[in-house]
Amino acid sequence: MKLVLLGPPGAGKGTQAVKLSEKLGIPTISTGEIIRNAIKNETPVGKIAKDTIERGELVSDELVLEIVKDRLKDDDCKDGYILDGFPRTLAQAEMMQSVENNIGVDFVINIDVSDDEIVSRLSGRRVCPSCGKTYHVVSLPSSCGDKCEACGEKLIVRKDDSPEVILNRLKVYHELTAPLTRFYDEQKILYTVKGAESLDAVTAQVMDIVGRQRR
Ligand SMILES: [Zn+2]
C-alpha cells in the first residue's frame, strides 16, 4: 500500500495522514520531518541539506529525493507508506518513478478544498501575542471574546494568516499541483475526496478508496 497525499495548506492533510497510518499500520513519511531528522542525525545527505539551508537556498528536488529514498529503506516501510509533502512538483513525481529510483505509488489521494474554505479556515485563526495560545473564531473561539482566556491579552492575526498571504500560498500550490494531478490522473491512480466535510467524513471517504484498492 503505497500512497501519496495531496492537498492545499489548511486541508487537514497532516491530520488525515496520522489517522491513515494508524488504520493501515504503515508510516507517514512527511518530507519536512525527515529532512529535519536527516539534519539532526547528521546523515551524509542530511549534512548537504544543512549546508544548503544555511546558505539560504532551497533543498533541491534531487536531494529531497535522496532523503526520501533513505527513509523508505527503513524496515517499517516494507508493507507500504504514506507520502506527505512529496512529490510536490511534477519533476519530483517523474524522478521518483524513474527506473533508477523506482519509488512506487499505488494511488494518490487529493484532498480537495476550495480556496474560499481554506481562506475562511486559516484567516479565522487568532493567536495570543503574550502566551502563544491559539484560537479560531469559528471552531475554537476564546470565551473572552477578542482577548486571551489564559492571560487576557488582546488576540492578533498572524501575518501568515492574512487572506492576502493565504491566497498567495494557494496560488503557488495550485501552480505546482495542477501538473502533478494531471500526471497521476493520466495514470488513472488519482482519487479526489471532498475535504470541506468533517474530519471523520474525510477519513471515511479515504478509507472507502483504500478498501476498493484492496479488493
Ligand atoms: Zn495569552
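Residues numbered from 1 in each chain as written. Predicted model: local features only at pLDDT ≥ 70, side-chain atom pairs only at ≥ 80, totals over all residues. Heavy atoms only, no water.

A.B. asks: Help me understand the overall build of the chain, please; the structure alone is not making it clear to me.
C.D. replies: Secondary structure summary: the chain contains eight helices and seven strands in total. The C-alpha atoms of the chain give 19 Å as radius of gyration, which agrees with the globular expectation for 215 residues (17 Å, within 12%). In terms of overall dimensions, the chain has C-alpha extents of about 55 × 45 × 30 Å along its principal axes. Out of the 215 residues in the chain, the part that is buried amounts to 40%. Counted over contacts in the chain with a minimum sequence separation of 6, partners at least 24 positions apart contribute 66%. As presented, the chain carries roughly 12,000 Å² of accessible surface, and 51% of it is formed by carbon and sulfur atoms. (Helix = DSSP H or I, 4+ residues; strand = E, 2+ residues; numbered from the N terminus. Rg over C-alpha atoms; globule rule 2.2 N^0.38 Å. Buried < 20%, exposed > 50% of the residue type's maximum accessible area, 1.4 Å probe, protein only. Contact = heavy atoms within 4.5 Å. Areas by Shrake-Rupley, 256 points an atom, 1.4 Å probe, with all protein chains shown as cover.)

A.B. asks: When you look at the environment of Ser114 in this model, what are you seeing that I'm missing?
C.D. replies: Locating Ser114 in the fold gives a position in the loop between strand S4 (107–112) and helix H6 (115–123). Through-space distance from the C-alpha of Ser114 to that of Pro8 is 9.1 Å; in sequence the pair is 106 residues apart.

A.B. asks: Just to check I follow, could you spell out the coordination of the zinc ion for this structure?
C.D. replies: Tetrahedral metal sites with four donors have an ideal angle of 109.5 degrees; octahedral sites with six donors have ideal angles of 90 or 180 degrees. Taken together, the protein donors to the zinc ion comprise Cys128 (SG), Cys131 (SG), Cys148 (SG) and Cys151 (SG), at separations of 2.2 to 2.3 Å. One way to put it: the four donor atoms around the zinc ion meet at angles of 99 to 124 degrees, and that makes the site tetrahedral. Between consecutive donor residues of the zinc ion, the sequence gaps follow C-x2-C-x16-C-x2-C. On the basis of relative accessible area, Cys128 is assigned to the buried category, the value being 2%. On the basis of relative accessible area, Cys131 is assigned to the partly exposed category, the value being 43%. (Donors = N, O, S within 2.8 Å, 3.2 Å for Na, K, Ca; no water. Tetrahedral: all angles 85-135°; square planar, octahedral: opposite > 155°, others 65-115°.)

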